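Descriptive analysis of the structure
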Amino acid sequence: FSIHALLVVTVTLSPVTAAAQGENDVTGEDVYPPLWDLAPGNLLDFPVKDNKIVISAWNYQDRLGVYKSLLNASAKYFGAFGPQNSDNILWGLPLQHGWQFHTGRLADHSGVTSCGYENGELLCQSVRSWWSCMNYYLCIIPFLGAVEAGLFGQLQYEIEILPPEEQKDDFCYSVKDCWSRMPKLMDHWKAFFEVNIFSSFKLDDALGLMWKAHTTSIAYALPKFQDRLNYLSDPEANFGEDWANAVDFIAATHFSTDLLTTNDFQVFLPQRMLDEGDVLPSISDFSPEQNKVLVSLRALHKGNKLTGGLLLKLWQKAMSTEAGREIGRELIESLPS
């Protein structure tokens, strides 16, 4: 397989290219996740109780505050790459989370509670939401890995993450707890933050470590939350699994998750939950590009399953050098024209 042939198979990645729209002003409010200005921006902005910084991971604003704290604390390490912290590669995480919130994906889809709904508790994140549970492993685990790596310096307080009201065993709640229960995940995230703190790093190396930690988190969480997919429509559940599969392909290119690139990419994701009546590729209130992305994600996932994961292995091999990854990213960015 040539890189080009592989890329044709993995057309899912093509939406990235409409990055021609990426002329947003970095300071424009619409480039930030919803309620960004209201989220805590530093660890001491969270409540302190019994000598512990207490974070409610099941509240959208608190979880957003975790991301904001990470971005603010790591800003000095990414300052050389762009102004106003805009080239910080951690932006992909809160922006994805903001998209999930904006599109209603963090709410309780089982119908049992009003968690996450405008007529209930809008900022509540449901432990019954597949998206919310998956995101825990891309928010709290990275955050605690950063704490352990020393990103926030010597903290005078311990960190305590409040548990959800049910399914508590699916998550960990402190640095010590997470290290004992999921050392591999913590190790990957700690390694990423340590590279930023303790060495003059190349951006490609940092992206490689970040994506390794990211895909490891998803691989760990995916089987754990399989049951949460039952609360979703079939099209939405399929899309969730297709999204998780596609991340592995995107990760292999060391795709940059800075502020503007991520925003450009997210334009092509569905801006609402998928319903039972949604039939691809002709969902009428989605743009042609959004329909195309969903079709491509589905085809990529099916193709990878059909080949027993061989498609991903071939793609990863093609992306195993810096030159290969550069070609991969360029091809991705030139496909949909």
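Residues numbered from 1 in each chain as written. Predicted model: local features only at pLDDT ≥ 70, side-chain atom pairs only at ≥ 80, totals over all residues. Heavy atoms only, no water.

As recorded in an unreviewed UniProt entry, the chain goes by LEG1H protein and comes from Erythrocercus mccallii. In its Sequence similarities (unreviewed entry) section, the UniProt entry covering the chain states "Belongs to the LEG1 family." Regarding the chain, the UniProt comment filed under Subcellular location (unreviewed entry) reads as follows: "Secreted". (UniProt positions renumbered as here; feature names shortened; annotations may be inferred.)

All right, on to the pairing of strand β2 (residues 52–56) then. As paired strands, strand β1 (residues 48–49) and β2 are joined by two bridges and run antiparallel to one another. Paired with V48 across the two strands is I53, which belongs to β2. Here β1 hands over to β2 after two residues, with D50 in that stretch at a positive phi of 50°. In terms of strand pairing, β2 meets strand β3 (residues 158–162) through five bridges, oriented parallel. By the bridge assignment for β3, V54 is matched with E160. (Pairing = 2+ DSSP bridges. Helix = DSSP H or I, 4+ residues; strand = E, 2+ residues; numbered from the N terminus.)

Our focus in this paragraph is the packing of aromatic side chains. Within the structure shown, the criterion is met by 23 aromatic pairs. Between W131 and F239, the ring centres sit 5.6 Å apart and the planes meet at 40°, which makes this aromatic pair tilted. In this pair, W131 is assigned in helix α4 (residues 130–136) and F239 in helix α9 (residues 234–252), connecting sequence segments 108 residues apart. Per residue, the accessibility class of W131 equals that of F239, and both read buried. Measuring from centroid to centroid gives 5.1 Å for W131 and W243, while their planes differ by 55°, and the two rings are tilted. Of this pair, W131 sits in helix α4 while W243 sits in helix α9, and the two are 112 residues apart along the sequence. For W131, a relative accessible area of 0% corresponds to the buried category. Relative accessible area serves as the criterion here: at 10%, W243 is assigned to the buried category. (Phe/Tyr/Trp six-rings, centres within 6.5 Å; stacked < 30°, edge-to-face > 60°. Buried < 20%, exposed > 50% of the residue type's maximum accessible area, 1.4 Å probe, protein only.)

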